Amino acid sequence: MKKYFVLLYCCLTVYTLHAEDGYRLWLRYDKIDNSKLLQEYRNAISSIQFTRTSPTLNAAKEELLNDLQGLLDKKIQLQDKIDNGIVLIGAAADSIIHSLISNDTFNKIGKEGFVIKTVKRNEKNIIVIAGNTDVGALYGCFHFLRLLQTHQTIQHLSIVSAPSVQLRMLDHWDNLNRTVERGYAGMSIWNWQKLPDYIDRRYIDYARANASIGINAVALNNVNANATILTKDYLIKVAALANVFRPYGIKIFLSARFSAPIEIGGLKTADPLDEQVQKWWKQKADEIYQYIPDFGGFLVKANSEGQPGPQNYNRTHADGANMLADALAPHNGIVIWRAFVYSNDTIDDRFKQAYNEFKPLDGKFRKNVLIQVKNGPIDFQPREPFHPLFGAMPQTQVMTEFQLTQEYLGFSTHLVFLAPLFKECLDADTYAKGQGSFVSKVIDGSLDNHSISGMSAVSNIGNDINWTGHPFAQANWYAFGRLAWNHDLTSAQIADEWIRQTFINDKRFVDTVKTMMLASRETTVDYMTPLGLHHIMGYSHHYGPAPWYNTATRADWNPTYFHKADTAGIGFDRTATGSNALSQYAPEVSKKFEDINTCDEKYLLWFHHVPWNFKINSGRSLWDELCYKYYAGVDSVRWMQRSWNNLQGVIDDERFEQVKMLLTIQEKEAVWWRNACVLYFQTFSKMPVPKGFEQPDKSLEYYEGLQFPYAPGIGGNQ
Ligand code: BDP
């Protein structure tokens, strides 16, 4: 009996030690499995020394002690004097650091950057990790750990790094009842009922994960906001989270409901020009800063999809944003005002509406307002051209909003690495100030010399054990943070370092998985929305294809509005003969798209209504090409499955099996997308699915009849 228990205990211990449930994300820090490197690292790092204590340096200390012990499989000593093989951590103002790193270097890294440098002192080699601030030093520590986890040499280090943008932000669409709008990874990680007294370990690990990739701001609640978050009871809870995040350099923002003065303030109006309303917001801001002295500010969705806003009182977006900005300004807070607006009454092309609304307001916003623009003019689709507001508001700080949660990219069941999508947007040339006016330069403030800058992304995090539902969805959280820190990184670099940290450094594994990841976004575009199709997903829940849907209350919630398929062809004419949305771009950009014969095929149906028999570059007709793309998408998923299956045994069984199961779902759903779309569009083209392709095994009626009353992620401002 005793023996049995011992055995069970051993099994459990082994299981716990090796449980690969994904909780550790890319912060694994298991023993380096390359003996030569292990030796190099052990020689270089015998102990660590911190110049001082502070909440942030203490967080860095705990991180380094634990993680280095894991990586090097030896106890790491804390030293109080400089010795050979020491890692010294501190900030520019510490005299010892100052004596080792030049002012010049510190001048290059700003408030949050870091330097990692091997220096000689008294003939001894030491590694210095430092920032101008303690948070900079913390970021440096995480970068140093990344070097080890990805098996880089740490001899003769000389790394100087500073973030591309100041605000690197996750927007949670979490409701107070813990549902998550468009969330596919469980419930919200914020346990409001147990806060402020119960601090879930997850909050700390969340902060660590964010800090490890430089994310320094989070909006906790859904943009379809509930005003209750601004009441005292909730502010106390928010303050408890702020206390956890502060050492990790993370500021909290709250989504503010514009009508809060009415709902929780007892006022009769929320008119931004009303003195009582202005006073209410000022007092609210003062109150918030009492609880959270480093509060970041408000994120606001106003006059969009039914949310209240200044236009309810015939005021402009600038009136609304500035009123909140004035309330926050004494505390150095900022307002992030979303440009995702489209009016209930306007019948103009939805593509054009945000630009039409905001462009005339350029220069009218306070200095502490940032306008948050989605990465596409419609709505986070698998592929969109860049938003015409980028580059169109030189006197206004504009930031990007990406979507990590895969609302339109297969929820958390499809493997889709989003770095290529983010890069496509950041690398797009707006030509606002001639060639080279990339979106990245607009949003990092360098094109128009702005003093604040930012990138945000809608979070894909929930309380699933692995945080994001799909193990590979973690890579999108990671990629966003890394790109916000350095938008020059390539998708391949990001994938490479993520795989090494999250799985293993084995070359075959890294190469195979990287190839899969890098192809995955294009694959998804192919089986969902090839050649510039967009917004053809299921109504409301957005699960699966529904290009036939045409009974929504608003025209522009109907897929038929966006694809416009008829017997003549398919696609949305946004040239001068159509909605002329192209005129919102600089002439050099519209020129790239306006001619049906030269328009990049990736965007063809975004801008043209194309005849079914139109000859594409490949020599095929549009119809054949559409089929070809849909079939290629499915084939690529099958290729991903084969590639993954070949890796069995190379990594842990847990995650291998999970991904395998998810790829099976992805394959089924890719076939669903392909068949449903091909069968539906065929009713217009009247052309056959080209020979050699497997014919759909179900009817269009079957696909049209599918219902998903319980699809996850449908929100509401609760
Ligand atoms: C849409 C989502 C909706 C969000 C909206 C937004 O379907 O749930 O509230 O974006 O960004 O894509 O405000």
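Procedures and definitions
Residues numbered from 1 in each chain as written. Predicted model: local features only at pLDDT ≥ 70, side-chain atom pairs only at ≥ 80, totals over all residues. Heavy atoms only, no water. Helix = DSSP H or I, 4+ residues; strand = E, 2+ residues; numbered from the N terminus. Rg over C-alpha atoms; globule rule 2.2 N^0.38 Å. Buried < 20%, exposed > 50% of the residue type's maximum accessible area, 1.4 Å probe, protein only. Lys, Arg positive; Asp, Glu negative; His and termini not counted. Charge placed at Lys NZ, Arg CZ, Asp CG, Glu CD. Near = heavy atom within 4 Å. Polar contact = N/O pair within 3.5 Å; in protein donor to acceptor, adjacent residues only side chain to side chain. Areas by Shrake-Rupley, 256 points an atom, 1.4 Å probe, with all protein chains shown as cover. pLDDT = per-residue confidence, 0-100. Contact = heavy atoms within 4.5 Å. Salt bridge = Lys/Arg side-chain N within 4 Å of Asp/Glu carboxyl O. Pairing = 2+ DSSP bridges. Axes fitted to C-alpha atoms, helices over the stretch in contact; angles between N-to-C directions. Phe/Tyr/Trp six-rings, centres within 6.5 Å; stacked < 30°, edge-to-face > 60°. Lys NZ or Arg CZ within 6 Å of the ring centre and 35° of its normal. Right-handed = clockwise from strand over helix to strand, strands pointing away. Parallel < 35°, antiparallel > 145°, perpendicular 65-115°, else oblique. Left-handed = near helix turned anticlockwise from the far one by under 90°.

Asker: So what about the overall build of the protein? Which residues, and what values?
Answerer: A tally of helices and strands in the protein yields 23 helices and 16 strands. Since a compact globule built from 718 residues should have a radius of gyration of about 27 Å, the 26 Å found for the protein is in line with a globular shape. For the protein, the C-alpha atoms occupy an extent of roughly 80 × 65 × 60 Å along the three principal directions. In the protein, which comprises 718 residues, the share counted as buried stands at 62%. Considering the protein, the positive charge centre built from 73 side chains and the negative charge centre built from 76 side chains are found 4 Å apart.

Asker: So what's going on with the site of the ligand? Which residues, and what values?
Answerer: Neighbouring the ligand are 14 residues; E181, K301, R338, D379 and E407 lie closest to it. Contacts to the ligand include R182, whose side-chain N or O atom sits 2.9 Å from an oxygen atom. Separating an oxygen atom of the ligand from a side-chain N or O atom of K301 is a distance of 2.6 Å. For the ligand, whose unbound accessible area comes to 320 Å², protein coverage reaches 97%.

Asker: I'd like a rundown of the confidence of the model for the protein, residues and numbers included.
Answerer: Confidence in the prediction for the protein averages 96 pLDDT; 97% of positions are at 70 or higher. Contacts for the low-pLDDT stretch residues 1–16, under 50 throughout, to residues beyond four places or in other chains number one contact.

Asker: Which residues make up the pattern of salt bridges, and what values do they have?
Answerer: Applying the stated criterion across every chain yields a total of 39 salt bridges. Linking D652 and R655 is a salt bridge whose minimum nitrogen-to-oxygen distance equals 2.9 Å. Residues D652 and R655 agree in their burial class; the two are buried. Where E694 meets R674, a salt bridge forms, and the shortest distance between an N and an O atom there is 2.8 Å. With E694 in the loop between α22 (653–685) and α23 (700–705) and R674 in helix α22, this residue pair connects regions lying 20 residues apart in the sequence.

Asker: Kindly report on the pairing of strand β4 (residues 114–121), identifying the contributing residues and their values.
Answerer: Relative to strand β5 (residues 124–131), β4 runs antiparallel, the two being bridged by eight bridges. Opposite T118, over in β5, you have I127 as the bridge partner. Counted between consecutive antiparallel strands, the loop separating β4 from β5 contains two residues, among which N122 sits at a positive phi close to 50°. Summarising the sheet, β4 and strand β6 (residues 158–161) pair through four bridges and their orientation is antiparallel. When the bridges of β6 are listed, K117 appears paired with S158.

Asker: Talk me through the sheet that holds β6; I want residue IDs and the actual numbers.
Answerer: Within the open sheet, the six strands sit side by side as β2-β1-β3-β5-β4-β6. Their pairing is mixed. The sheet is open, and its two borders are formed by β2 (77–78) and β6, each paired with just one other strand. Sheet strands touched by helix α3 (residues 55–72): β1 (47–50), β2 and β3 (86–91). Its angle to β1, the strand with the most contacts, is close to 180°.

Asker: Help me get a handle on the packing of aromatic side chains, residues and values and all.
Answerer: The description of two aromatic rings rests on the distance between their centres and on the angle between their planes. Taken as a whole, this structure holds 50 aromatic pairs when the rule is applied. Considering the side-chain rings of F114 and W485, the 5.8 Å spacing of their centres and the 25° angle between planes classify their relative orientation as stacked. With F114 in strand β4 and W485 in helix α15 (residues 474–485), this residue pair connects regions lying 371 residues apart in the sequence. Residue F114 is classed as buried on the basis of its relative accessible area, which comes to 3%. With a centroid separation of 5.1 Å and an interplanar angle of 75°, the aromatic rings of Y139 and W485 are classed as edge-to-face. In this pair, Y139 is assigned in helix α6 (residues 134–149) and W485 in helix α15, connecting sequence segments 346 residues apart. A relative accessible area of 3% means that Y139 is categorised as buried. Exposure remark for W485: the relative accessible area of 5% places this residue in the buried category. Clustering of aromatic rings is evident, with ring pairs tying together Y23, W26, W190, Y203, Y206, F245, W467, W477 and Y478. A cation over an aromatic ring shows up here: K194 above the ring of Y198, its NZ or CZ 4.9 Å from the ring centre.

Asker: So what's going on with the side chain of D205? Residues and values would help.
Answerer: Residue position: D205 is located in helix α7 (residues 201–212). Among residues more than four places away in sequence, those in contact with D205 are Y23 and W467.

Asker: Account for the pairing of strand β7 (residues 167–171), with residues named and values stated.
Answerer: With five of five residues buried, β7 is to be regarded as a mostly interior element. Burial of the side chains of β7 extends over both faces: L167, M169 and D171 are buried on one face and R168 and L170 on the other. Sheet topology places β7 next to strand β14 (residues 454–458); five bridges connect them, and they run parallel. Counted as the bridge partner of R168 is M455 from β14. Sheet topology places β7 next to strand β8 (residues 217–219); three bridges connect them, and they run parallel. The residue of β8 that forms the bridge with M169 is A217. Viewed along the sheet, the connection from β7 through α7 into β8 turns out right-handed.

Asker: For the packing of helix α13 (residues 419–426) against α15, give the residues involved together with the corresponding values.
Answerer: It is the contact of α13 with α15, at a shortest axis distance of 9 Å, that shows an interaxial angle of 30°. Classified by the angle their axes make, α13 and α15 are roughly parallel. Pair α13 / α15 crosses with right-handed handedness. Contact residues: α13 offers A419, F422, K423 and L426, while α15 offers N476, A479, F480 and L483.

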